Amino acid sequence: MKTKNLLLGATLFISGFATLQAQEKKQLSLDDAIGMAVTQSTEANLADTKVSTSKFEMESVKNNIYPEVKLSGQYQRLTNPNVTLRLPTGDSNDGETASGSPKVDQLMLGMATVGMPLFSGFKLKNSVEASKDAYNAETFNAAHTKEQIAMQTIVLYSNLYKAQESVKLIEENLKSANQRVTDFTAMEQNGIIARNDLLKAQLQASNIQLSLEDAKKTVSTINYQLVTMLKLPEGTQVEPNPAYFENSEEMVTAVTAEEAISQRNDLEALRWEQKASEANIKVAQADYYPTVTLLGGYAAVDIKNVFQVTNAINFGVGVSYDLSNLFKNSKHVKSASSRAEATKQQVELLTDRIKVQVQESLENYNLAIKQNRVYTEAVTQADENYRIVKDKYDNGLSDTNDLLEADVQQLQAKLNETFSRADITQRYYELLNVSGKLINSFNITQQNN
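The model shown is predicted, which means the values in this text are computed figures rather than measured ones. (Residues numbered from 1 in each chain as written. Predicted model: local features only at pLDDT ≥ 70, side-chain atom pairs only at ≥ 80, totals over all residues. Heavy atoms only, no water.)

Enquirer: Can you walk me through the overall build of the chain in this structure?
Expert: Tallying secondary structure elements over the chain gives 9 helices and 6 strands in all. With 449 residues in all, the chain has 37% of them scored as buried. Within the chain, counting contacts between residues at least 6 apart in sequence, those at least 24 apart form 84% of the total. Only carbon and sulfur atoms are counted for the fraction: they give 53% of the accessible area of the chain, which is about 26700 Å². (Helix = DSSP H or I, 4+ residues; strand = E, 2+ residues; numbered from the N terminus. Buried < 20%, exposed > 50% of the residue type's maximum accessible area, 1.4 Å probe, protein only. Contact = heavy atoms within 4.5 Å. Areas by Shrake-Rupley, 256 points an atom, 1.4 Å probe, with all protein chains shown as cover.)

Enquirer: Looking at this structure, how should I read the environment of Glu-59?
Expert: Considering the arrangement of structural elements, one finds Glu-59 in helix α3 (residues 42–62). What makes Glu-59 partly exposed here is its relative accessible area of 36%.

Enquirer: Which parts of the structure should I look at to understand the packing of aromatic side chains?
Expert: For the coordinates displayed, the defined rule picks out 9 aromatic pairs. In textbook terms, an aromatic cluster arises when at least three aromatic residues are bridged by ring pairs, as seen for Tyr-157, Tyr-161, Tyr-244 and Phe-245. Over the face of the ring belonging to Phe-419 we find Lys-162, whose NZ or CZ atom lies 6.0 Å from the ring centre. Above the ring of Trp-272, the side-chain terminus of Lys-275 is found at 4.2 Å from the ring centroid. (Phe/Tyr/Trp six-rings, centres within 6.5 Å; stacked < 30°, edge-to-face > 60°. Lys NZ or Arg CZ within 6 Å of the ring centre and 35° of its normal.)

Enquirer: How should I be thinking about the layout of surface pockets in this particular structure?
Expert: The method is simple in principle: a probe with the dimensions of a water molecule rolls over the atoms, and the space it marks as empty is what remains. Quantified by volume, the largest pocket comes out at close to 240 Å³. When residues of the lining of the largest pocket are traced back to their parent elements, those giving at least two are α4 (123–189) and α5 (195–230). No other element matches α4, which puts 6 residues into the lining of the largest pocket. Of the residues assigned to the lining of the largest pocket, the class counts are 5 nonpolar, 1 polar and 4 charged. (1 Å grid on protein atoms, 1.4 Å probe; cavity = no way out; pocket = protein on both sides within 12 Å on 5 of 7 lines; lining within 4 Å. Points joined across faces, edges and corners; volume = space filled by probe spheres on them. Nonpolar A, V, L, I, M, F, W, Y, C, P; charged D, E, K, R; others polar.)

Enquirer: Quick question: what am I supposed to make of unusual backbone geometry here?
Expert: Trans is the prevailing form of peptide bonds, just as negative phi is the prevailing case for residues other than glycine. Of note, Lys-231 is a non-glycine position whose phi angle comes to about 60°, a positive value. Looking at where Lys-231 falls in the secondary structure, it is placed in the loop between α5 and β4 (237–240).

Enquirer: What am I meant to see in the sheet that holds strand β3 (residues 106–119) here?
Expert: Sheet strands associate in pairs through backbone hydrogen bonding, adopting either a parallel or an antiparallel arrangement. Read across the open sheet, the 4 strands follow the order β2-β3-β5-β6; overall the sheet is antiparallel. On the outer flanks of this sheet lie β2 (68–77) and β6 (307–320), each paired with one strand and no other. Taking each pair of neighbouring strands and ignoring which way they run, the sheet shows an average axis angle of 10°. (Pairing = 2+ DSSP bridges. Axes fitted to C-alpha atoms, helices over the stretch in contact; angles between N-to-C directions.)

Enquirer: It is not clear to me how the pattern of salt bridges should be interpreted in this structure. Could you clarify?
Expert: Oppositely charged side chains can pair when the atoms bearing their charge come close. Scanning the model with the defined rule gives 15 salt bridges in all. The shortest N-O distance in the salt bridge between Glu-268 and Arg-271 comes to 2.9 Å. Remark: Arg-271 and Glu-268 occur in helix α7 (residues 265–285); sequence separation between them is 3 residues, near one turn of the helix. The class of Arg-271 is partly exposed, set by a relative accessible area of 26%. (Salt bridge = Lys/Arg side-chain N within 4 Å of Asp/Glu carboxyl O.)

Enquirer: Looking at this structure, how should I read the nonpolar core?
Expert: Nonpolar side chains tend to gather and get buried jointly when the protein is soluble and globular. Residues Leu-30, Ile-154, Leu-230, Tyr-429 and Leu-438 are the most contacted members of the largest nonpolar core, which totals 55 residues. Residues contacting Leu-230, with those up to four places away along its chain left out, are Leu-28, Ala-33, Met-36, Ala-37 and Gln-40. If you look at the next biggest cluster of nonpolar residues, it comprises 11 residues, including Val-255, Ala-260, Leu-350 and Val-434. (Core = buried A, V, L, I, M, F, W, Y, C linked by side-chain atoms within 4.5 Å.)

Enquirer: Would you take a moment to explain the environment of Ser-262 for this structure?
Expert: Looking at where Ser-262 falls in the secondary structure, it is placed in helix α6 (residues 257–263). Judged by its relative accessible area of 51%, Ser-262 falls in the exposed class. Note: C-alpha distance between Ser-262 and Ser-435 (173 residues apart in sequence) is 8.8 Å. Polar contacts involving the side chain of Ser-262 include one to the main-chain carbonyl oxygen of Glu-259, which spans 2.8 Å. (Polar contact = N/O pair within 3.5 Å; in protein donor to acceptor, adjacent residues only side chain to side chain.)

Enquirer: Can you walk me through the pairing of strand β5 (residues 291–303) in this structure?
Expert: On any regular strand, side chains alternate: one points to one face of the sheet, the next to the other face. As paired strands, β3 and β5 are joined by 12 bridges and run antiparallel to one another. Pairing of Leu-107 across the sheet is with Ile-303, part of β5. With 12 bridges joining them, β5 and β6 adopt antiparallel strand pairing. Across the sheet, residue Gly-296 finds its bridge partner in β6, namely Phe-315. Between β5 and β6, which follow one another and run antiparallel, lie 3 residues, and Asn-305 among them has a positive phi close to 70°.

Enquirer: Can you help me understand a nonpolar patch on the surface in this one?
Expert: On the surface, Leu-118, Leu-294, Val-317 and Val-319 cluster together into a nonpolar patch covering about 390 Å² of accessible area. As for its position among the elements, Val-319 is in strand β6. (Patch = residues over 30% accessible without salt bridge, like charges linked within 9 Å, V, L, I, M, F, W, Y side chains within 5 Å.)

Enquirer: Please clarify how the packing of helix α2 (residues 30–40) against α4 should be interpreted in this entry.
Expert: Remark: α2 packs on α4, axes separated minimally by 9 Å, with the N-to-C direction vectors making an angle of 140°. With respect to each other, α2 and α4 are oriented oblique. Judged by the twist between their axes, the crossing of α2 over α4 is right-handed. On α4, the residues touching Leu-30, Ala-33, Ile-34, Ala-37 and Val-38 of α2 are Lys-146, Ile-149, Ala-150, Thr-153, Ile-154 and Tyr-157. (Parallel < 35°, antiparallel > 145°, perpendicular 65-115°, else oblique. Left-handed = near helix turned anticlockwise from the far one by under 90°.)

Enquirer: For this particular structure, what's the right way to read helix α8 (residues 325–394)?
Expert: Since one α-helical turn is 3.6 residues long, residues separated by three or four positions face the same way. Taking 1.5 Å per residue, 70 residues should reach 104 Å; α8 reaches 97 Å between its end C-alpha atoms and fits that length. Positive backbone phi, approximately 75°, marks Gly-396, located one or two places after α8. (Expected span 1.5 Å × (residues − 1).)

As structure tokens, then:
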């Protein structure tokens, strides 16, 4: 029996230890979180894979400028065919059939060919240029994707900080509410207050408890999203560094629309796509010209007991021209030109959009600073209001409703002030994001976790 109890106790201890391990807390700076997001997240790896694919496609197109060398050979067994030779010999008149039929039971063929493009209407050159431009566009697209991943990480990091701070403030408020219920219970038993006042205090404590559970749920949800993105062990509890949300007003930075237009990776990617589309117009126009190819080859044939050919070397120039392209290719060229024009318009559209985004982000950042100043004053005002109402209540000059309302206002003011500090930080990084400076503002290093 004792052994059974010991085993049960050991099992519970191991299970509890495993749970503690699974719920490991990890203090994580914002720099480290972003570094992990842009190097380890699935979306970042996908962006890198697309860049690699584009690079391989570019190298594949480059290979088209090199000569094509082909080797082929055959060995065949034959089933005693009837062979009639109609070759002139010294013993028979011209045109007469040679006597006898040789035994032919095998055939061997060998061939080597070389083709070197000399001219194709500059199609190869422009194809290479288009592939290079497409590769550059994909590279800047990947950089833009990582910037959005970084911004998404900042939002989650900020929201997690807000949620955790909410839990702390609500827990403190719940302690006060529970203490109030205890005090009111004693006062109600002594006939000092009506039972209705006690019920109001108990109802507020219950509502605060519900708010606390909802805040904990929010913490759990956001934490799971962040842990999943950063590829951290499941169950890790991330603890944001509050230093990023203090002295937020000192983050002011000069940002102009001109800087954003010159630094935004998504706009630069579109510019490269525009160059690629312009090169593709020239690729389409190349079909109006003939193709000239330098040719060379070697052939060997051996038909047993019949004849043998070796050292059959050939070389020359091949020209091909598809006359139908004079009529058909115009649509192809127009299609490529239309795509290039659409890309040009996308560049113009994004340029205008960037200007609006910069202006809007500046306004949001300045508004967040002003809101924080108001909310900071509101905390002082709410604290003083609660103190005055509490004094009046203790002296019978105020009722329970006033006291509970003042308590709620005090909690809300503290929550608003905490959220506003986090909002300033988030708005600041949003401003850096729309200006193309976000990634460069962090010390991003390869994470090994």
